[in-house]
Amino acid sequence: MHFSTILSVALCVGLSTAAYNPVYFVGDELPVNKPQTPEEAAAGQAHGRPLIGPVELLQPTLDPNLTDYVPLKGKLKCELNGNYTLAASDVLAVLSQRWVSAFTKIYPEVTMRVAPPYAGSLGALELIKGTLQGVFVSRELKPSDVKGFKDAFGYPPSSVPISGGSYRKFGFLDSVAFVVNKLNPIESLSYDQLDGIFSTTHARGTKNLTTWGDVGVTGPLAAAPIKVYGIAPWNGYEEFVRQKVLSYNGTRGQWRSGNKTAPDYDPMVTWDATVYNMSRHVAVDPAGIAYTGVAYIDSPVKVIGVSETSGPNANVSSLTYENVAMAKWPLSRVTYFNCNADPKKGMDPVLKELQKFVLSKQGQQILLDQGIYMPFRANQQKSSMALLEKN
(Lines give C-alpha, C1' and ligand atoms only; values in the text may rest on other atoms or scores of the structure.)
Protein backbone atom coordinates (compact mmCIF):
# COMPACT_ATOMS: atom_id res chain seq x y z
CA MET A 1 0.00 0.00 0.00
CA HIS A 2 0.93 3.62 -0.57
CA PHE A 3 0.58 4.75 3.03
CA SER A 4 2.70 4.14 6.13
CA THR A 5 3.27 0.60 7.36
CA ILE A 6 0.41 -0.54 9.55
CA LEU A 7 1.27 -2.83 12.43
CA SER A 8 -2.25 -3.75 13.37
CA VAL A 9 -5.33 -3.10 11.27
CA ALA A 10 -8.77 -4.67 11.46
CA LEU A 11 -10.47 -4.37 8.07
CA CYS A 12 -13.93 -4.89 9.38
CA VAL A 13 -17.08 -2.90 9.86
CA GLY A 14 -18.83 -1.79 13.04
CA LEU A 15 -15.99 -2.65 15.40
CA SER A 16 -16.99 -3.09 19.02
CA THR A 17 -14.75 -2.10 21.89
CA ALA A 18 -13.67 -5.69 22.37
CA ALA A 19 -12.78 -6.16 18.70
CA TYR A 20 -11.04 -2.82 18.23
CA ASN A 21 -7.49 -2.87 16.91
CA PRO A 22 -5.43 0.34 16.94
CA VAL A 23 -3.77 1.58 13.77
CA TYR A 24 -0.10 2.52 13.92
CA PHE A 25 1.62 4.61 11.29
CA VAL A 26 5.25 3.76 11.97
CA GLY A 27 7.02 4.70 8.75
CA ASP A 28 7.27 7.85 6.73
CA GLU A 29 6.14 6.39 3.41
CA LEU A 30 3.47 9.05 2.92
CA PRO A 31 5.00 12.00 1.09
CA VAL A 32 5.64 15.17 3.03
CA ASN A 33 2.93 17.36 1.56
CA LYS A 34 3.44 21.07 1.16
CA PRO A 35 1.06 24.02 0.77
CA GLN A 36 0.24 25.14 -2.73
CA THR A 37 2.43 27.78 -4.28
CA PRO A 38 0.69 30.95 -5.50
CA GLU A 39 1.10 29.67 -9.05
CA GLU A 40 -0.50 26.31 -8.19
CA ALA A 41 -3.39 28.03 -6.42
CA ALA A 42 -4.00 30.28 -9.43
CA ALA A 43 -3.99 27.27 -11.78
CA GLY A 44 -6.45 25.48 -9.50
CA GLN A 45 -8.80 28.46 -9.51
CA ALA A 46 -8.74 28.50 -13.30
CA HIS A 47 -9.00 24.77 -14.02
CA GLY A 48 -9.61 22.93 -10.74
CA ARG A 49 -6.99 21.32 -8.54
CA PRO A 50 -4.97 18.69 -10.42
CA LEU A 51 -4.80 15.17 -9.05
CA ILE A 52 -1.50 14.36 -7.38
CA GLY A 53 -0.43 10.77 -7.89
CA PRO A 54 -2.69 7.83 -8.75
CA VAL A 55 -6.27 7.35 -7.68
CA GLU A 56 -6.96 5.31 -4.56
CA LEU A 57 -5.64 1.79 -5.03
CA LEU A 58 -8.68 0.37 -3.28
CA GLN A 59 -12.16 1.18 -4.50
CA PRO A 60 -15.49 0.54 -2.79
CA THR A 61 -18.46 -0.90 -4.58
CA LEU A 62 -21.70 1.02 -4.83
CA ASP A 63 -24.20 0.27 -2.11
CA PRO A 64 -26.77 -1.99 -3.84
CA ASN A 65 -29.47 -0.29 -1.79
CA LEU A 66 -28.89 3.10 -3.37
CA THR A 67 -32.01 4.14 -5.26
CA ASP A 68 -31.92 4.77 -9.00
CA TYR A 69 -32.63 8.13 -10.53
CA VAL A 70 -36.03 8.23 -12.22
CA PRO A 71 -36.14 11.04 -14.81
CA LEU A 72 -39.19 13.25 -14.93
CA LYS A 73 -41.48 12.81 -17.90
CA GLY A 74 -44.11 14.74 -19.80
CA LYS A 75 -45.17 18.08 -18.41
CA LEU A 76 -42.90 17.81 -15.37
CA LYS A 77 -39.87 17.29 -17.62
CA CYS A 78 -40.84 20.24 -19.83
CA GLU A 79 -41.04 22.46 -16.78
CA LEU A 80 -37.33 21.93 -16.12
CA ASN A 81 -35.61 24.61 -18.15
CA GLY A 82 -33.48 27.72 -17.81
CA ASN A 83 -29.89 28.91 -17.61
CA TYR A 84 -27.91 28.29 -14.45
CA THR A 85 -24.47 29.42 -13.34
CA LEU A 86 -22.93 27.27 -10.65
CA ALA A 87 -19.62 27.36 -8.83
CA ALA A 88 -17.38 24.72 -7.27
CA SER A 89 -14.48 24.27 -4.93
CA ASP A 90 -11.22 23.65 -6.76
CA VAL A 91 -11.28 19.98 -5.67
CA LEU A 92 -14.80 19.50 -7.07
CA ALA A 93 -14.42 21.34 -10.37
CA VAL A 94 -14.05 18.27 -12.61
CA LEU A 95 -16.53 16.09 -10.73
CA SER A 96 -19.22 18.79 -10.66
CA GLN A 97 -18.86 19.30 -14.42
CA ARG A 98 -19.36 15.57 -14.98
CA TRP A 99 -22.49 15.60 -12.85
CA VAL A 100 -23.87 18.63 -14.65
CA SER A 101 -23.07 17.20 -18.07
CA ALA A 102 -24.94 13.96 -17.31
CA PHE A 103 -27.88 15.86 -15.82
CA THR A 104 -28.34 18.23 -18.78
CA LYS A 105 -28.31 15.28 -21.19
CA ILE A 106 -31.46 14.11 -19.40
CA TYR A 107 -32.94 17.61 -19.44
CA PRO A 108 -31.70 19.33 -22.63
CA GLU A 109 -33.78 22.44 -21.93
CA VAL A 110 -31.57 23.13 -18.91
CA THR A 111 -28.26 24.91 -19.50
CA MET A 112 -25.68 24.81 -16.71
CA ARG A 113 -22.11 25.96 -16.47
CA VAL A 114 -19.72 25.48 -13.57
CA ALA A 115 -17.54 28.51 -13.99
CA PRO A 116 -14.17 29.47 -12.56
CA PRO A 117 -12.69 30.69 -10.31
CA TYR A 118 -12.72 27.38 -8.44
CA ALA A 119 -11.79 28.04 -4.81
CA GLY A 120 -11.74 26.05 -1.61
CA SER A 121 -13.11 29.04 0.27
CA LEU A 122 -16.48 28.94 -1.50
CA GLY A 123 -19.35 28.69 0.94
CA ALA A 124 -22.70 30.45 0.78
CA LEU A 125 -21.88 34.16 0.73
CA GLU A 126 -21.42 34.02 -3.04
CA LEU A 127 -25.11 33.15 -3.33
CA ILE A 128 -26.07 36.50 -1.80
CA LYS A 129 -24.84 38.34 -4.89
CA GLY A 130 -27.43 36.57 -7.04
CA THR A 131 -24.95 35.79 -9.82
CA LEU A 132 -24.80 32.10 -8.83
CA GLN A 133 -27.65 29.69 -8.30
CA GLY A 134 -25.73 26.90 -6.56
CA VAL A 135 -22.30 25.93 -5.25
CA PHE A 136 -20.57 22.53 -4.97
CA VAL A 137 -18.44 22.85 -1.85
CA SER A 138 -15.92 20.75 0.05
CA ARG A 139 -16.37 22.13 3.55
CA GLU A 140 -18.90 22.83 6.23
CA LEU A 141 -20.47 26.28 6.30
CA LYS A 142 -18.70 28.88 8.40
CA PRO A 143 -20.84 30.57 11.05
CA SER A 144 -20.14 33.81 9.17
CA ASP A 145 -21.57 32.21 6.01
CA VAL A 146 -24.80 31.39 7.75
CA LYS A 147 -25.03 34.76 9.49
CA GLY A 148 -24.32 36.73 6.32
CA PHE A 149 -26.88 34.75 4.38
CA LYS A 150 -29.54 35.05 7.09
CA ASP A 151 -28.91 38.79 7.37
CA ALA A 152 -29.57 39.09 3.64
CA PHE A 153 -32.59 36.77 3.29
CA GLY A 154 -33.98 36.07 6.73
CA TYR A 155 -33.38 32.32 6.53
CA PRO A 156 -30.31 30.05 6.34
CA PRO A 157 -28.85 28.64 3.12
CA SER A 158 -29.67 25.11 2.06
CA SER A 159 -26.60 22.89 2.49
CA VAL A 160 -27.20 19.27 1.50
CA PRO A 161 -24.48 16.58 1.78
CA ILE A 162 -24.02 14.93 -1.64
CA SER A 163 -21.03 12.58 -1.38
CA GLY A 164 -18.31 11.25 0.85
CA GLY A 165 -14.81 12.66 0.90
CA SER A 166 -11.65 10.70 0.21
CA TYR A 167 -9.80 8.34 2.54
CA ARG A 168 -6.32 9.85 2.39
CA LYS A 169 -6.04 11.75 -0.89
CA PHE A 170 -3.99 14.90 -0.34
CA GLY A 171 -6.03 18.00 -1.05
CA PHE A 172 -9.25 16.08 -1.73
CA LEU A 173 -11.19 16.10 1.54
CA ASP A 174 -9.30 13.35 3.35
CA SER A 175 -10.68 11.75 6.49
CA VAL A 176 -9.81 13.21 9.89
CA ALA A 177 -8.05 11.35 12.68
CA PHE A 178 -6.92 11.92 16.24
CA VAL A 179 -3.29 10.87 16.71
CA VAL A 180 -1.04 10.29 19.70
CA ASN A 181 2.58 9.32 20.19
CA LYS A 182 3.28 5.68 19.35
CA LEU A 183 4.43 5.07 22.94
CA ASN A 184 1.12 6.23 24.40
CA PRO A 185 -0.90 3.19 25.58
CA ILE A 186 -4.27 4.85 24.91
CA GLU A 187 -6.19 3.02 22.19
CA SER A 188 -9.43 4.97 21.86
CA LEU A 189 -11.31 8.00 23.15
CA SER A 190 -14.99 8.91 23.12
CA TYR A 191 -16.38 12.19 21.83
CA ASP A 192 -17.11 13.07 25.47
CA GLN A 193 -13.46 12.58 26.38
CA LEU A 194 -12.20 14.48 23.34
CA ASP A 195 -14.52 17.35 24.24
CA GLY A 196 -13.12 17.30 27.77
CA ILE A 197 -9.57 17.51 26.40
CA PHE A 198 -9.95 20.06 23.60
CA SER A 199 -12.79 22.42 24.56
CA THR A 200 -13.62 25.05 27.14
CA THR A 201 -17.38 24.80 26.67
CA HIS A 202 -17.79 21.08 27.46
CA ALA A 203 -21.19 20.97 25.79
CA ARG A 204 -21.24 17.19 26.23
CA GLY A 205 -21.12 17.55 30.01
CA THR A 206 -17.55 16.37 30.52
CA LYS A 207 -15.25 18.08 33.01
CA ASN A 208 -11.77 19.32 32.14
CA LEU A 209 -9.53 16.37 31.30
CA THR A 210 -5.98 17.62 31.68
CA THR A 211 -3.77 14.59 32.38
CA TRP A 212 -3.50 11.25 30.64
CA GLY A 213 -4.58 9.59 33.87
CA ASP A 214 -7.89 11.45 33.52
CA VAL A 215 -8.68 9.32 30.46
CA GLY A 216 -7.57 6.01 31.95
CA VAL A 217 -3.86 5.85 31.12
CA THR A 218 -1.76 4.12 33.77
CA GLY A 219 1.97 3.92 34.24
CA PRO A 220 4.58 6.66 33.76
CA LEU A 221 2.38 8.77 31.48
CA ALA A 222 -0.61 8.90 33.84
CA ALA A 223 0.51 12.07 35.65
CA ALA A 224 1.68 13.83 32.51
CA PRO A 225 -0.32 16.87 31.36
CA ILE A 226 -2.04 16.31 28.02
CA LYS A 227 -0.34 18.48 25.40
CA VAL A 228 -2.92 19.61 22.85
CA TYR A 229 -2.03 20.42 19.24
CA GLY A 230 -4.60 22.05 16.99
CA ILE A 231 -5.24 24.45 14.15
CA ALA A 232 -6.00 28.13 14.67
CA PRO A 233 -9.56 29.11 13.71
CA TRP A 234 -10.89 29.55 11.08
CA ASN A 235 -9.85 26.45 9.16
CA GLY A 236 -11.81 23.70 7.43
CA TYR A 237 -10.26 20.98 9.60
CA GLU A 238 -10.88 22.71 12.91
CA GLU A 239 -14.43 23.64 11.89
CA PHE A 240 -15.16 20.02 10.98
CA VAL A 241 -13.89 18.71 14.32
CA ARG A 242 -15.58 21.55 16.20
CA GLN A 243 -18.95 20.72 14.62
CA LYS A 244 -18.60 16.94 14.94
CA VAL A 245 -17.07 16.67 18.41
CA LEU A 246 -17.12 19.91 20.42
CA SER A 247 -20.54 21.25 19.42
CA TYR A 248 -23.51 19.47 20.93
CA ASN A 249 -27.18 19.95 21.65
CA GLY A 250 -27.30 23.42 20.11
CA THR A 251 -24.14 24.72 21.81
CA ARG A 252 -21.23 25.69 19.58
CA GLY A 253 -18.02 24.29 21.04
CA GLN A 254 -15.08 26.58 21.77
CA TRP A 255 -11.44 25.51 21.71
CA ARG A 256 -8.90 25.77 24.47
CA SER A 257 -6.90 28.66 23.10
CA GLY A 258 -3.42 28.38 21.63
CA ASN A 259 -3.32 32.07 20.76
CA LYS A 260 -0.36 33.40 22.76
CA THR A 261 -1.60 36.99 22.55
CA ALA A 262 -5.10 36.21 23.84
CA PRO A 263 -6.10 36.58 27.51
CA ASP A 264 -7.43 33.00 27.53
CA TYR A 265 -4.17 31.49 26.20
CA ASP A 266 -3.59 27.98 27.53
CA PRO A 267 0.12 27.02 27.75
CA MET A 268 -0.76 23.36 27.22
CA VAL A 269 -2.15 24.17 23.76
CA THR A 270 -0.15 24.74 20.60
CA TRP A 271 -1.89 26.15 17.53
CA ASP A 272 -0.54 26.03 14.00
CA ALA A 273 -1.95 27.99 11.09
CA THR A 274 -2.31 24.82 8.98
CA VAL A 275 -2.66 21.06 9.34
CA TYR A 276 0.76 20.18 7.92
CA ASN A 277 2.73 19.70 11.16
CA MET A 278 0.18 18.02 13.40
CA SER A 279 1.55 14.46 13.18
CA ARG A 280 5.12 15.74 13.45
CA HIS A 281 4.35 17.47 16.75
CA VAL A 282 2.90 14.31 18.27
CA ALA A 283 5.64 12.05 16.91
CA VAL A 284 8.18 13.75 19.18
CA ASP A 285 5.91 14.45 22.16
CA PRO A 286 4.89 11.39 24.24
CA ALA A 287 2.20 13.48 25.99
CA GLY A 288 0.78 15.00 22.81
CA ILE A 289 -2.53 14.58 21.01
CA ALA A 290 -3.65 16.21 17.77
CA TYR A 291 -6.25 15.98 15.05
CA THR A 292 -5.19 15.90 11.43
CA GLY A 293 -6.12 14.80 7.95
CA VAL A 294 -4.99 11.28 7.09
CA ALA A 295 -3.13 12.59 4.04
CA TYR A 296 -0.89 14.61 6.36
CA ILE A 297 0.29 11.72 8.55
CA ASP A 298 3.92 11.64 7.49
CA SER A 299 5.48 10.80 10.87
CA PRO A 300 5.35 7.69 13.11
CA VAL A 301 2.20 8.09 15.21
CA LYS A 302 -0.74 6.04 16.45
CA VAL A 303 -4.22 6.73 15.12
CA ILE A 304 -6.59 6.12 18.01
CA GLY A 305 -10.09 4.75 17.68
CA VAL A 306 -13.09 6.95 18.41
CA SER A 307 -16.59 6.33 19.68
CA GLU A 308 -19.50 8.72 19.41
CA THR A 309 -20.91 7.52 22.72
CA SER A 310 -19.37 6.56 26.05
CA GLY A 311 -19.68 3.56 28.31
CA PRO A 312 -18.91 -0.15 28.18
CA ASN A 313 -21.21 -0.75 25.21
CA ALA A 314 -19.83 2.03 23.04
CA ASN A 315 -18.84 1.05 19.51
CA VAL A 316 -15.24 2.03 18.84
CA SER A 317 -14.32 2.50 15.19
CA SER A 318 -10.82 2.29 13.79
CA LEU A 319 -9.51 4.28 10.85
CA THR A 320 -9.44 1.68 8.10
CA TYR A 321 -10.16 2.17 4.44
CA GLU A 322 -13.17 -0.13 4.69
CA ASN A 323 -14.67 1.77 7.63
CA VAL A 324 -14.35 5.03 5.70
CA ALA A 325 -15.80 3.48 2.54
CA MET A 326 -18.72 2.01 4.50
CA ALA A 327 -19.36 5.31 6.33
CA LYS A 328 -18.48 3.64 9.63
CA TRP A 329 -15.64 6.03 10.49
CA PRO A 330 -17.42 8.96 12.20
CA LEU A 331 -14.75 11.49 11.21
CA SER A 332 -15.13 10.99 7.47
CA ARG A 333 -15.81 14.21 5.61
CA VAL A 334 -18.50 14.92 3.01
CA THR A 335 -19.15 17.33 0.15
CA TYR A 336 -22.17 19.64 -0.08
CA PHE A 337 -24.39 21.49 -2.52
CA ASN A 338 -25.40 24.93 -1.29
CA CYS A 339 -28.22 26.99 -2.71
CA ASN A 340 -30.86 29.56 -1.82
CA ALA A 341 -34.12 27.85 -0.91
CA ASP A 342 -36.77 30.28 0.27
CA PRO A 343 -38.92 28.30 2.73
CA LYS A 344 -42.04 30.15 1.50
CA LYS A 345 -41.43 29.45 -2.19
CA GLY A 346 -39.53 26.17 -1.99
CA MET A 347 -36.29 25.21 -3.68
CA ASP A 348 -35.80 25.87 -7.38
CA PRO A 349 -37.10 22.64 -9.02
CA VAL A 350 -34.09 22.36 -11.35
CA LEU A 351 -31.63 22.58 -8.47
CA LYS A 352 -33.65 20.10 -6.43
CA GLU A 353 -33.71 17.65 -9.33
CA LEU A 354 -29.96 18.12 -9.89
CA GLN A 355 -29.28 17.14 -6.28
CA LYS A 356 -31.59 14.13 -6.55
CA PHE A 357 -29.60 13.00 -9.57
CA VAL A 358 -26.25 13.49 -7.83
CA LEU A 359 -27.48 11.49 -4.83
CA SER A 360 -28.84 8.65 -6.97
CA LYS A 361 -27.05 5.44 -7.85
CA GLN A 362 -26.25 6.93 -11.27
CA GLY A 363 -24.82 10.12 -9.78
CA GLN A 364 -22.72 8.24 -7.23
CA GLN A 365 -21.41 5.99 -10.03
CA ILE A 366 -20.03 9.10 -11.75
CA LEU A 367 -18.21 9.91 -8.53
CA LEU A 368 -16.91 6.37 -8.19
CA ASP A 369 -15.60 6.43 -11.76
CA GLN A 370 -13.35 9.35 -10.84
CA GLY A 371 -11.71 7.16 -8.20
CA ILE A 372 -11.14 9.80 -5.53
CA TYR A 373 -14.19 10.31 -3.34
CA MET A 374 -16.31 7.78 -1.47
CA PRO A 375 -19.84 7.24 -2.80
CA PHE A 376 -22.64 7.60 -0.30
CA ARG A 377 -24.15 4.58 1.39
CA ALA A 378 -27.92 4.14 1.29
CA ASN A 379 -28.46 5.59 4.77
CA GLN A 380 -26.55 8.73 3.79
CA GLN A 381 -28.56 9.03 0.58
CA LYS A 382 -31.79 8.68 2.56
CA SER A 383 -30.75 11.38 5.03
CA SER A 384 -29.87 13.88 2.29
CA MET A 385 -33.03 13.11 0.33
CA ALA A 386 -35.02 13.87 3.48
CA LEU A 387 -33.34 17.28 3.66
CA LEU A 388 -34.31 17.94 0.04
CA GLU A 389 -37.90 16.98 0.64
CA LYS A 390 -38.15 19.66 3.33
CA ASN A 391 -37.46 22.33 0.69
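You'll find the structure just up there.
So, here's what we can say about the structure.

## Re the overall build of the protein chain
No. 1: A count of helical and extended segments in the protein chain gives 12 helices and 13 strands.
No. 2: Here the C-alpha radius of gyration of the protein chain, 21 Å, is about what a compact globule of 391 residues would show, namely 21 Å.
No. 3: By its C-alpha atoms, the protein chain is 70 × 45 × 45 Å across when sized along the principal axes.
No. 4: Buried residues in the protein chain amount to 53% of all 391 residues.
No. 5: Once local pairs closer than 6 in sequence are excluded, the contacts in the protein chain between residues at least 24 apart make up 75%.
No. 6: Here the protein chain has roughly 16900 Å² of accessible surface; of this, 54% comes from carbon and sulfur atoms.
No. 7: Considering the protein chain, the positive charge centre built from 36 side chains and the negative charge centre built from 33 side chains are found 4 Å apart.

## Examining unusual backbone geometry
No. 1: Of the consecutive residues proline 116 and proline 117, the connecting peptide bond is found in the cis state with omega at 5°.
No. 2: Here proline 117 is to be found in the loop between β3 (110-114) and α4 (125-128).
No. 3: Omega for the peptide link from proline 233 to tryptophan 234 comes to -5°, which places this bond in the cis form.
No. 4: Within the fold, tryptophan 234 resides in the loop between β8 (227-231) and α7 (236-246).
No. 5: With phi around 50°, histidine 202 is a residue other than glycine that occupies positive phi space.
No. 6: Along the chain, histidine 202 turns up in the loop between α6 (191-198) and β8.
No. 7: The exposure class assigned to histidine 202 is buried, which follows from its relative accessible area of 14%.
No. 8: Residues other than glycine seldom take positive phi values, yet asparagine 249 does so here, at roughly 55°.
No. 9: With respect to the element layout, asparagine 249 can be found in the loop between α7 and β9 (269-272).
No. 10: Residue classification places asparagine 249 among the exposed residues on the basis of a relative accessible area of 72%.

## A word on α6
No. 1: A large share of α6 lies buried, amounting to six of its eight residues.
No. 2: Buried residues of α6: Tyr191, Leu194, Asp195, Gly196, Ile197 and Phe198, and no others.

## Some thoughts on the nonpolar core
No. 1: The biggest cluster of nonpolar side chains holds 53 residues, and the ones touching the most others in it are Phe178, Leu194, Ile197, Phe198, Trp212, Ile289 and Leu331.
No. 2: Looking at this core, the elements with two or more residues in it are β6 (176-181), α6, β8, α7, α8 (278-283), β10 (288-293), β11 (301-303) and α9 (321-325).
No. 3: Setting aside its immediate chain neighbours within four residues, leucine 194 contacts Phe178, Leu189, Val245, Leu246, Ile289 and Val306.
No. 4: Membership of the second largest hydrophobic core comes to 51 residues, among which are Ala88, Ala119, Phe172 and Val334.

## Side note on the packing of α6 against α7
No. 1: The interhelical angle for the contact between α6 and α7, taken along N-to-C directions, is 125°, at an axis separation of 9 Å. Taken together, the axes of α6 and α7 lie oblique to each other. Here Tyr191, Leu194, Asp195 and Phe198 of α6 come into contact with α7, specifically with Lys244, Val245 and Leu246.
No. 2: When grouped by side-chain class, the residues that make up the contact of α6 with α7 number five nonpolar, no polar and two charged.

## Quick word on the packing of aromatic side chains
No. 1: Going through the model one piece at a time under the given rule, you end up with 19 aromatic pairs.
No. 2: Seen from their ring centres, phenylalanine 153 and tyrosine 155 are 5.9 Å apart, and the 35° between their planes marks the pair as tilted.
No. 3: The exposure class of tyrosine 155 is buried, given its relative accessible area of 13%.
No. 4: With centroids separated by 5.2 Å and ring planes inclined at 90°, the aromatic side chains of tyrosine 276 and tyrosine 296 adopt a geometry described as edge-to-face. With tyrosine 276 in the loop between β9 and α8 and tyrosine 296 in the loop between β10 and β11, the pair connects residues that are 20 residues apart, well separated along the chain. Like tyrosine 296, tyrosine 276 is buried.
No. 5: An aromatic cluster of at least three residues, connected via ring pairs, comprises Tyr69, Phe103, Tyr107 and Phe357.
No. 6: In this structure, lysine 142 packs its charged tip against the face of tryptophan 234, placed 4.6 Å from the ring centre.
No. 7: One cation-aromatic arrangement involves arginine 333 over tyrosine 237; the distance from NZ or CZ to the ring centre is 4.7 Å.

Procedures and definitions
- Residues numbered from 1 in each chain as written.
- Predicted model: local features only at pLDDT ≥ 70, side-chain atom pairs only at ≥ 80, totals over all residues.
- Heavy atoms only, no water.
- Helix = DSSP H or I, 4+ residues; strand = E, 2+ residues; numbered from the N terminus.
- Rg over C-alpha atoms; globule rule 2.2 N^0.38 Å.
- Buried < 20%, exposed > 50% of the residue type's maximum accessible area, 1.4 Å probe, protein only.
- Contact = heavy atoms within 4.5 Å.
- Areas by Shrake-Rupley, 256 points an atom, 1.4 Å probe, with all protein chains shown as cover.
- Lys, Arg positive; Asp, Glu negative; His and termini not counted.
- Charge placed at Lys NZ, Arg CZ, Asp CG, Glu CD.
- Core = buried A, V, L, I, M, F, W, Y, C linked by side-chain atoms within 4.5 Å.
- Axes fitted to C-alpha atoms, helices over the stretch in contact; angles between N-to-C directions.
- Parallel < 35°, antiparallel > 145°, perpendicular 65-115°, else oblique.
- Nonpolar A, V, L, I, M, F, W, Y, C, P; charged D, E, K, R; others polar.
- Phe/Tyr/Trp six-rings, centres within 6.5 Å; stacked < 30°, edge-to-face > 60°.
- Lys NZ or Arg CZ within 6 Å of the ring centre and 35° of its normal.

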